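Residue strings, one per chain:
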Amino acid sequence: MPKRTGKRHISGNRQGKKPDRERVREDSRRYTSGRYGETSIIQKYLEPEGNHERELEIRKREIMAAKQAKEERRRKLGKETAASRVSYVRKPFARRSRMSVLLSAAALILGGAGIYEGVATQGHTSLTSGAFGFCSLLLSLIAVWYGIISFWEDDKNYILAKLGIAIGGLLLMGWTAVIIIGLGG
């Protein structure tokens, strides 16, 4: 037989909590003085619906307060990290960079048309193909200029300016090579 320590084991006391009967007795002694107060506390513990609803309401308030605190922390952290991030999607393109790309595309088309006509006629071209080449040279020069000055615009996306400068620069080098070869030979 196990040795008795003198303490009575009450079922439901596994978690260290007192059973409902003992809590009611203790609460009635602590918070009330008199017969009428004892009955109201006993009714509080005996009515599971009212007690359950009150506990649910308290729990809902706790959850809502935790959600609000979490949202506030998220907003605060979002503001701190957003200041250090750079987003290229939100920045609009530089206005002059669009012009640079359009001029480069026009120069590419005109230069291609002039060279095609020269190859198709085996070097016996009309004045029109020469005009196409000269216009292509001028447009590529202007495209490079617009690409360079588009970098002076603040807080813009410069990807089109870089593209316009690259295409215009390649066309300028190509036409320079064609002119040097044409003058030399």
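Now for a look at the structure at hand.

Thresholds, definitions, all that
- Residues numbered from 1 in each chain as written.
- Predicted model: local features only at pLDDT ≥ 70, side-chain atom pairs only at ≥ 80, totals over all residues.
- Heavy atoms only, no water.
- Helix = DSSP H or I, 4+ residues; strand = E, 2+ residues; numbered from the N terminus.
- Contact = heavy atoms within 4.5 Å.
- Areas by Shrake-Rupley, 256 points an atom, 1.4 Å probe, with all protein chains shown as cover.
- Patch = residues over 30% accessible without salt bridge, like charges linked within 9 Å, V, L, I, M, F, W, Y side chains within 5 Å.
- Salt bridge = Lys/Arg side-chain N within 4 Å of Asp/Glu carboxyl O.
- Buried < 20%, exposed > 50% of the residue type's maximum accessible area, 1.4 Å probe, protein only.
- Phe/Tyr/Trp six-rings, centres within 6.5 Å; stacked < 30°, edge-to-face > 60°.
- Expected span 1.5 Å × (residues − 1).
- Axes fitted to C-alpha atoms, helices over the stretch in contact; angles between N-to-C directions.
- Parallel < 35°, antiparallel > 145°, perpendicular 65-115°, else oblique.
- Left-handed = near helix turned anticlockwise from the far one by under 90°.
- Nonpolar A, V, L, I, M, F, W, Y, C, P; charged D, E, K, R; others polar.

## Some words on the overall build of the chain
Okay, step 1: Across its full length, the chain carries six helices and zero strands.
Okay, step 2: Secondary structure elements of the chain, listed N to C terminal, follow the sequence α-α-α-α-α-α.
Okay, step 3: Considering only residue pairs separated by 6 or more positions, the chain has 64% of its internal contacts joining residues 24 or more positions apart.
Okay, step 4: Surface exposure of the chain reaches about 15,200 Å², of which carbon and sulfur atoms provide 60%.

## A word on a nonpolar patch on the surface
Okay, step 1: Judged by side-chain polarity, Trp145, Ile148, Phe151 and Trp152 come together as a nonpolar surface patch covering roughly 480 Å² of accessible area.
Okay, step 2: Along the chain, the position of phenylalanine 151 falls in the loop between α5 (127–149) and α6 (159–184).

## Re the pattern of salt bridges
Okay, step 1: Taken as a whole and assessed by the stated rule, the structure comprises four salt bridges.
Okay, step 2: One salt bridge in this structure joins glutamate 62 and arginine 59, with 3.3 Å as the shortest N-O distance. Within this pair, glutamate 62 and its partner arginine 59 are both found in helix α3 (residues 48–84), separated by three residues, close to a single helical turn.
Okay, step 3: By relative accessible area, arginine 59 is classed as partly exposed at 47%.
Okay, step 4: One salt bridge connects glutamate 72 with arginine 75, and the closest N-O pair in it is separated by 2.8 Å. Taken together, the residues glutamate 72 and arginine 75, both in helix α3 and three residues apart, mark about one turn of the helix.

## Re the packing of aromatic side chains
Okay, step 1: A complete count under the given rule lists two aromatic pairs for this structure.
Okay, step 2: Measuring from ring centre to ring centre gives 6.5 Å for tryptophan 145 and tryptophan 152, while their planes differ by 90 degrees; the resulting arrangement is edge-to-face.
Okay, step 3: For the pair phenylalanine 151 and tyrosine 158, a centre-to-centre distance of 5.2 Å together with 40 degrees between the ring planes defines the contact as tilted.

## Section: helix α4 (residues 95–120)
Okay, step 1: An ideal rise of 1.5 Å per residue puts 38 Å on 26 residues; α4 measures up with 38 Å between its terminal C-alpha atoms.
Okay, step 2: Its buried side turned inward, α4 meets α5 and α6.

## Side note on the packing of α4 against α6
The description of two helices packed together rests on the angle between their axes and the distance between the axes.
Okay, step 1: Look at α4 against α6: their axes get within 8 Å of each other, and the N-to-C directions meet at 30 degrees. By the angle between their axes, α4 is roughly parallel relative to α6. Once α4 is placed against α6, the crossing between them reads as left-handed. Together, Ser97, Arg98, Ser100, Val101, Ser104, Ala107, Leu108, Gly111 and Ile115 of α4 and Leu160, Ala161, Leu163, Gly164, Ile165, Ile167, Gly168, Leu171 and Trp175 of α6 make up the contact between the two elements.

## Concerning the packing of α4 against α5
Okay, step 1: Running from N to C, α4 and α5 cross one another at 160 degrees; their axes reach a closest spacing of 7 Å. Taken together, the axis directions place α4 and α5 in an arrangement best described as roughly antiparallel. Our pair here, α4 against α5, has a crossing hand that is left-handed. Contact residues: Arg96, Met99, Ser100, Leu103, Ser104, Ala106, Ala107, Leu110, Gly111, Ala113, Gly114 and Glu117 in α4; Ser129, Phe132, Cys135, Ser136, Leu139, Ser140, Ile142, Ala143, Tyr146, Gly147 and Ile149 in α5.
Okay, step 2: Within the contact of α4 with α5, the residues separate by chemical class into 13 nonpolar, eight polar and two charged.

## Things to note about unusual backbone geometry
Okay, step 1: Residues other than glycine seldom take positive phi values, yet glutamine 122 does so here, at roughly 55 degrees.
Okay, step 2: Take glutamine 122: it is sitting in the loop between α4 and α5.
Okay, step 3: Residue glutamine 122 is classed as exposed on the basis of its relative accessible area, which comes to 71%.
Okay, step 4: Of note in this structure, aspartate 155 is not a glycine but carries a positive phi near 50 degrees.
Okay, step 5: Assignment of secondary structure puts aspartate 155 in the loop between α5 and α6.

## What to know about the environment of isoleucine 115
Okay, step 1: Residue position: isoleucine 115 is located in helix α4.
Okay, step 2: With 17 residues separating them along the chain, isoleucine 115 and phenylalanine 132 place their C-alpha atoms 8.6 Å apart.

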